[in-house]
Every structure is written in structure tokens, then in C-alpha cells.
Amino acid sequence: MEIPACVCLRFFSFLWLLVGMLEGTESEQVIDCYGLKGKSFLLDVEGVKTEELRRFYWKLNYTQTILEYTLHNTHLDIFPQYKEKVMFYQKNFSLQILKLEESNRGIYTAITQDRHGKDKNIVFYRLIPQDSVIKPELKVKSASVSEERCNISATCTVGQDNSVSYRCQQTQCTEVGRDYTESDDLKIVVTVKNSSIVCNASNRVSNDSHSLALKDVCRNSEPHNAAGIIGVTAGTILTILIISILSIYMEI
């Protein structure tokens, strides 16, 4: 019996739709994790029932087996390229990655195998290693005092290519320009906190800041007191007159 072409097309369309739904479900289960390079990072597993389990696996990017653990004889086999890079906790099946580096980036999958040889994906982690942020540098471009308010223009720079400009007063700062793209790798914010202008640079694993006291910035920009200037000037002139009179008197 010949199957009509339209039926075949509908069948394959349904098949592709089903595959897409399955892939979408799997991708929704991926948990993003950010780790600081140079430090250890723990990938944990919850809710695993051991009664019917035969083996447990950790895999990287779906195809690279990191380790295989057989439950009935507690035999652990860590593959050679990972022996010095990971630690496995048999009690709760967690995987600890030692001294995180860029090469550890990828999808980690915890997999169980039952006594009938059927595999089941337990959890997916997308591990993203990050460097600690560079310490920011806050610089005041200009400051002026008017009507008992101190108006400040400042720029915060992180590294050589990332900067933001803000206009600040005693209680708040407003961004007026930026020369970087905000992302999970870097976020720069300037605020007023505890009577200081604070520039904070952060990513998912670290943060650092640089602050300047408002009183110091504003004090340097205060206009000179007119009465004080007049008083100093008058005193100087009077001193000169007295010296001149004494000089003339002594000559006489």
C-alpha cells in the first residue's frame, strides 16, 4: 500500500515538532553556574534514589565521560584526563572541579543507570568560568558648589577599554554616558553611599570598588570667602603702610 505524500510530510513534521519539544524541555533544565577561575567549584546532585541504581556517570558536553561509579562494589573509575582535575563524593554523587580554568567551560550532566541498563539524565549544569573583575578607578572631571549643592562630574574606568560617566550630587548619581557593553562579565555602577561617591565593578563571581569622600571633593571646589579675601588684603596693605611710615621716620 502506497502512503500518500501529504501523510508522510505530516508525519515528519510531527516528528520534527516532537524532537523540538524534547530539545526545548532539555534546554530548560540546564542550570547556569558561574565559577571564579583558580578556585574549586562544586556541582551537586539531589534526589537520587540508590535502591535500583547500578551506575552513576558525570559527562562533559554530552559525550565526554568524566567518571563512572559502580554502586554494588563502590568502584570509581575517573578517566585519566580528569584524575587530577576533579573529586567525586560517593555519598551524594557531587562533582568538585579543582582549580577552575577556561577549559572547564561546558555542559555537565549527571546520569544514572538502573539495574536494567537504562540511563536517565538527572541534572544539567552549564559551567561558566570567570576572572575576578579588575579594580575600578574613579576620577573627578569637575566639581562646583552652588546654592549649598556640590555638583560633580566623574568617570569610572575598569581596565583600559571600559568606562562610564556620571553626574552626581549629595544623594544620587545619574549616568550620562558609557563606553562599554554591560554583560555577565562586567557591570559598572556609580552611586552615592555613606557620604562618598562609590564606583562598583562586578561580574557573577566577584566585585570591587573605588570611592571618594564627597566632603573632600566638594571642599576643593568651594569658592573663596569674599570677606576673608578683603580682610587679608586690607591687613597686607596696612602692614605695608606701617613699614613705609617707619622707614620714612627713621630717615628723618
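Look up a bit, the structure's there.
Our subject in this report is the structure included herewith. (Residues numbered from 1 in each chain as written. Predicted model: local features only at pLDDT ≥ 70, side-chain atom pairs only at ≥ 80, totals over all residues. Heavy atoms only, no water.)

In this section: the pairing of strand β7 (residues 94-97). The alternating pattern of β7 places S94 and Q96 and L95 and I97 on opposite faces, both of which are buried. Here strand β2 (residues 41-43) runs beside β7; their pairing, made up of three bridges, is antiparallel. From the neighbouring strand, L42 faces β7, where its bridge partner is Q96. With four bridges connecting them, strand β6 (residues 86-89) and β7 associate as antiparallel partners. Paired with V86 across the bridge in β7 is I97. Between β6 and β7, which pair antiparallel one after the other, the connecting turn spans four residues, and F93 there sits at a positive phi close to 65°. (Buried < 20%, exposed > 50% of the residue type's maximum accessible area, 1.4 Å probe, protein only. Helix = DSSP H or I, 4+ residues; strand = E, 2+ residues; numbered from the N terminus. Pairing = 2+ DSSP bridges.)

Neighbouring strands of a sheet are bound in pairs by backbone hydrogen bonds; such pairs are parallel or else antiparallel. Strand order in the open sheet formed by four strands is β10-β11-β12-β13, with antiparallel pairing between adjacent strands. Either end of the sheet is taken by a strand with one partner, and the two such strands are β10 (137-146) and β13 (173-178). Strand-to-strand, the axes of this sheet are offset by a mean angle of 20°, without reference to chain direction. In the sheet, β10 pairs with strand β11 (residues 149-158) via nine bridges, with the strands oriented antiparallel. The residue bridging S144 from the neighbouring strand is N151, located in β11. (Axes fitted to C-alpha atoms, helices over the stretch in contact; angles between N-to-C directions.)

In this structure, R55 sits in strand β3 (residues 53-60). A polar contact of 3.2 Å, which involves the side chain of R55, links it to the side chain of E68. Non-local contacts of R55, meaning those with residues more than four positions away in its chain, are made with E68, Y69, T70, L71, I111, T112 and Q113. (Polar contact = N/O pair within 3.5 Å; in protein donor to acceptor, adjacent residues only side chain to side chain. Contact = heavy atoms within 4.5 Å.)

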